[in-house]
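Reading the structure
Spelled out, the chains give:
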Amino acid sequence: MKACARRRFAARVWPAVVVSVVALGLGGCGGGGGGGAEVASAGDGKAKASKTAQGEVARYVEGQRRFVRCLREEGLDVPDPDAKGHIDYGDARELKADPKFTRAQVKCEEFLLPVPEELERQEAPKLSAKEIATRKRYAKCMQENGVPEAPDVGDDGYSDQDFENDGKMKWDPTSARAKRAIRICAPIIGDPVDPGKGKG
């Protein structure tokens, strides 16, 4: 895992901390008759989800390729993206200081797409058993202290929300009940920050 990716996830995941993982569709695992049909249905769902993810990745990579072609048409020497759509710009600071690059970015930005969740998950740094346990404890604490909608943390220590690009939270961290829960649960993650008074 590249250091830049680890820093990005550290900055992204912990502010929203563990608000968490895996709302996996496990409802079809219950008992009762028709077990074979339920298993088949669950398998079909996973297959469809996998195909959808593959399609999103393919569209993203193609968008990156079109973006690179556009940059080249604007006179920039940019390498092809790799199989995951990553573009190695080399010395990014030097490139960003080039006015030609800035103008080209504006002109070519129409080809840029959000990084798919599947790729975000692949790039997420692997957490230690201790880190995963800490995040699970924090999520449980939040749920038990006024934020029941805070989703569970998955076995990898991440939440589906950690990889969503819409910027929306499934709960309001500025509410009075959320701020109270954060104060109570902060010691679990070693966070001494007082979230202040909540609204509502």
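Here, every reference points to the structure presented above.
Attention in this report is confined to the structure presented alongside it. Please read these numbers as outputs of a predicted model, since none were measured by experiment.

What counts as what
Residues numbered from 1 in each chain as written. Predicted model: local features only at pLDDT ≥ 70, side-chain atom pairs only at ≥ 80, totals over all residues. Heavy atoms only, no water. Helix = DSSP H or I, 4+ residues; strand = E, 2+ residues; numbered from the N terminus. Buried < 20%, exposed > 50% of the residue type's maximum accessible area, 1.4 Å probe, protein only. Disulfide = S-S within 2.5 Å. Arc of directions from axis to C-beta. Contact = heavy atoms within 4.5 Å. Phe/Tyr/Trp six-rings, centres within 6.5 Å; stacked < 30°, edge-to-face > 60°.

1. Focus on the environment of Gly55
If you trace the backbone, Gly55 turns up in helix 2 (residues 35-73). For Gly55, a relative accessible area of 21% translates into the label partly exposed. Taking C-alpha positions, Gly55 is 9.7 Å from Pro116, a pair spaced 61 residues apart along the chain.

2. Observations regarding the state of the cysteines
As enumerated under the stated definition, the model contains 2 disulfides in all. Paired by a disulfide, Cys70 and Cys108 hold their sulfur atoms 2.0 Å apart. Linking Cys70 and Cys108, the disulfide has an S-S dihedral of approximately -80 degrees and is accordingly described as left-handed. Remark: Cys108 occurs in helix 4 (residues 99-108) and Cys70 occurs in helix 2; sequence separation between them is 38 residues. Exposure remark for Cys70: the relative accessible area of 8% places this residue in the buried category. Cys108 sits in the buried class, given a relative accessible area of 0%. With its sulfur 2.0 Å from that of its partner, Cys141 forms a disulfide with Cys185. Across the disulfide from Cys141 to Cys185, rotation about the S-S bond amounts to roughly -90 degrees, and the bridge is consequently left-handed. Placement of Cys141 in helix 6 (residues 129-144) and of Cys185 in helix 7 (residues 176-185) is noted, with a sequence separation of 44 residues between them. For Cys141, a relative accessible area of 11% puts it in the buried group. Each bonded cysteine of the protein gets a number by its place in the sequence, and the pairs then read 1-2, 3-4.

3. Description of helix 7
Restricting attention to buried positions, one finds in helix 7 the residues Ala178, Lys179, Ala181, Ile182 and Cys185. In an axial view of helix 7, the angular spread of the buried residues amounts to 160 degrees, which keeps them on one side of the axis. Contacts made by the buried residues of helix 7 are with helix 6.

4. Thoughts on the packing of aromatic side chains
Enumeration according to the criterion identifies 1 aromatic pair in this entry. Measuring from centroid to centroid gives 5.8 Å for Tyr89 and Phe101, while their planes differ by 70 degrees, and the two rings are edge-to-face. Of this pair, Tyr89 sits in the loop between helix 2 and helix 3 (92-96) while Phe101 sits in helix 4; the two residues are 12 residues apart in sequence, bridging distant segments of the chain. We classify Tyr89 as partly exposed; its relative accessible area is 30%.

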